[in-house]
Amino acid sequence: MQLKVLALPGDGIGTEVTAEGLRVLRHVAAKYGHELVLTEGLLGGIAIHKTGTPYPAETEKLALEADATVMGAFGLPEFDNAPPDKRPEKGLLGIRKTLGVYANLRPVRAYEALLDSSPLKNHLLAGVDMIIVRELTGGLYYGTPRGITGEGEEERGTNTMTYTRGEIKRITRMAFNLAGKRKKKVTSVDKSNVLETSQLWRKVVVEVAPEFPAVKLEHMLVDNCAMQLVLKPAQFDIVLMENMFGDILSDEGSVIAGSIGMLPSASIGAQRASGAWVGLYEPVHGSAPDIAGQGIANPLGAIGSIAAMLEYSFGLVEEAAAVNAAMEAVLNAGVTTRDLKGNATTEQVGKAVCEAIG
Ligand code: IPM
Ligand code: MG
């Protein structure tokens, strides 16, 4: 099979972890006889430095041509005080919108070898295996009106949280479809005791649910969900929520996995005629400028994102399983980076995963 992949390593540790993700991808392609057509592009802070904009037109073109895009991380401290439009993050929001990847899947699971790396008590972690399904192209991140207007005491910042029935329906169907293949439970998270967007969210989720009679639906308010995630994380299967709630709660979920460096993510949306999902794959962690360039970043979130790409964009379930099993073997062997109390380098972990794949 031909795998047409665009890589956007981005900023900070993004380049280091993406290099290991691509090492694993090359290894898998060679082992299973796939032809890898890899291009590289600019997005984020590095794109601002080299082209003046976080999301160059050339990158947009490359992304539309590729079957799948893998990304590193975005954000550099020199842009901390720049307006939203001139920040590296704008590139990320732009490409998500261009590709129409409205569903962001963030799996959170407890690895046996990492139970002690989590600040949560071991007994709470047993059996944790959930996917946070975050709506990715709507809500506060994109809603208008937005901006800062006025002056003095009347200077005002505005953002708009808005969702249409159609946007809620498609992400709800995605969540229920996933749940049907797993533990058959969807927890829909909202703030319907206060927000109209959440009231519509809940109404539409309830309307869609009967299409999936085998899946159980429950609702949870977002503040309670933040508490339940650390109180009783094993209760969750698919946790469905809007964009900003998902941004916040997925960082919280990362403490369950022991390190945010462990979390992969897949952003999917439109389905091609071939049945493949147009996809964007990135670790959940940020660019971590404080440790960039030292070769100590954990590449497993990036490598797990490669596994997700093989599965969702190319339907290569066996190859994806091989990568996931190799990651687990490497964890069990104790080849881990500093965030997991090990002393391996980023590169050593990537090479160990390739070796474990065989
Ligand atoms: C994430 C990140 C991004 C987001 C930032 C970098 C724009 O935090 O993917 O979770 O908020 O979506
Ligand atoms: Mg985030």
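Residues numbered from 1 in each chain as written. Chains lettered and ligands numbered in written order. Predicted model: local features only at pLDDT ≥ 70, side-chain atom pairs only at ≥ 80, totals over all residues. Heavy atoms only, no water.

### Re the site of ligand 1
Right, on to step 1. By nearness alone, every residue bordering ligand 1 is listed as Glu89, Leu92, Arg96, Arg106, Arg134, Tyr141 and Asp247.
Right, on to step 2. In the model, an oxygen atom of ligand 1 is placed 2.9 Å from a nitrogen or oxygen of the Asp247 side chain.
Right, on to step 3. Starting from 320 Å² of accessible surface for ligand 1 in isolation, the protein chains cover 78%.
Right, on to step 4. With 3 residues, the top contributor of residues to the shell around ligand 1 is helix α4 (residues 88-99).
Right, on to step 5. Looking at side-chain class alone, the shell around ligand 1 contains 2 nonpolar, no polar and 5 charged residues. (Near = heavy atom within 4 Å. Polar contact = N/O pair within 3.5 Å; in protein donor to acceptor, adjacent residues only side chain to side chain. Areas by Shrake-Rupley, 256 points an atom, 1.4 Å probe, with all protein chains shown as cover. Helix = DSSP H or I, 4+ residues; strand = E, 2+ residues; numbered from the N terminus. Nonpolar A, V, L, I, M, F, W, Y, C, P; charged D, E, K, R; others polar.)

### With respect to the pairing of strand β3 (residues 68-73)
Right, on to step 1. In terms of residue burial, β3 counts as a mostly covered element, since 6 of its 6 residues are buried.
Right, on to step 2. Bridge analysis of strand β1 (residues 2-10) against β3 gives 5 bridges, and the strand direction is parallel. Across the sheet, residue Gly10 finds its bridge partner in β3, namely Ala73. (Buried < 20%, exposed > 50% of the residue type's maximum accessible area, 1.4 Å probe, protein only. Pairing = 2+ DSSP bridges.)

### Observations concerning helix α10 (residues 300-312)
Right, on to step 1. When the terminal C-alpha atoms of α10 are compared, their 18 Å separation across 13 residues agrees well with the 18 Å that a helix rising 1.5 Å per residue should span.
Right, on to step 2. Judged by how many residues are buried, α10 sits mostly within the fold: 11 of 13 residues are covered.
Right, on to step 3. Along α10, the positions that sit buried rather than exposed are Leu300, Gly301, Ala302, Ile303, Gly304, Ser305, Ile306, Ala307, Ala308, Met309 and Leu310. (Expected span 1.5 Å × (residues − 1).)

### A few points about the pairing of strand β4 (residues 103-109)
Right, on to step 1. Most of β4 sits out of view: 5 of its 7 residues are buried.
Right, on to step 2. Where β4 and strand β5 (residues 129-135) come together, 7 bridges link them in antiparallel fashion. Bridge pairing in β5 places Asn104 opposite Arg134.
Right, on to step 3. Strand direction decides the pairing type here: β4 and strand β11 (residues 266-271), joined by 3 bridges, are antiparallel. Bridge pairing in β11 links Leu105 to Ala266.

### Some details on the sheet that holds strand β2 (residues 35-40)
Right, on to step 1. The sheet built from 10 strands is open, its strands ordered β2-β1-β3-β12-β11-β4-β5-β10-β8-β9 with mixed pairing. Bordering the open sheet on either side are β2 and β9 (216-221), each of which pairs with just one other strand. The average undirected angle you get between the axes of adjacent strands in this sheet is 25°.
Right, on to step 2. Sheet topology places β5 next to strand β10 (residues 238-241); 4 bridges connect them, and they run parallel. By the bridge assignment, Val133 is partnered in β10 with Leu240.
Right, on to step 3. Sitting on the sheet, helix α1 (residues 14-32) is in contact with β1, β2 and β3, with an inclination near 165° to β1.
Right, on to step 4. Where α10 meets the sheet, it contacts β1, β3, β4, β11 and β12 (277-281), and its direction lies at approximately 180° from that of β12. (Axes fitted to C-alpha atoms, helices over the stretch in contact; angles between N-to-C directions. Contact = heavy atoms within 4.5 Å.)

### Focus on the packing of aromatic side chains
Right, on to step 1. In this structure the tally under the stated criterion is 2 aromatic pairs.
Right, on to step 2. With a centroid separation of 5.5 Å and 75° between ring planes, the pair formed by Tyr163 and Trp201 is classed as edge-to-face. Of the two residues, Tyr163 sits in the loop between β7 (156-158) and α6 (165-180) while Trp201 sits in helix α7 (residues 196-208), which places them 38 residues apart along the sequence.
Right, on to step 3. The cationic tip of Lys97 hangs over the ring face of Tyr142; the distance from NZ or CZ to the ring centre is 4.5 Å. (Phe/Tyr/Trp six-rings, centres within 6.5 Å; stacked < 30°, edge-to-face > 60°. Lys NZ or Arg CZ within 6 Å of the ring centre and 35° of its normal.)

### So, unusual backbone geometry
Right, on to step 1. The residue after Thr144, namely Pro145, is reached through a cis peptide bond having omega 0°.
Right, on to step 2. Among the structural elements, Pro145 can be located in the loop between β5 and β6 (147-149).
Right, on to step 3. Positive phi is not limited to glycine here, since Ala288 has a value of about 40°.
Right, on to step 4. Residue position: Ala288 is located in the loop between β12 and α10.
Right, on to step 5. You will see that Lys341, though not glycine, has its phi angle at about 70°, which is positive.
Right, on to step 6. You can see Lys341 is positioned in the loop between α11 (317-332) and α12 (346-357).

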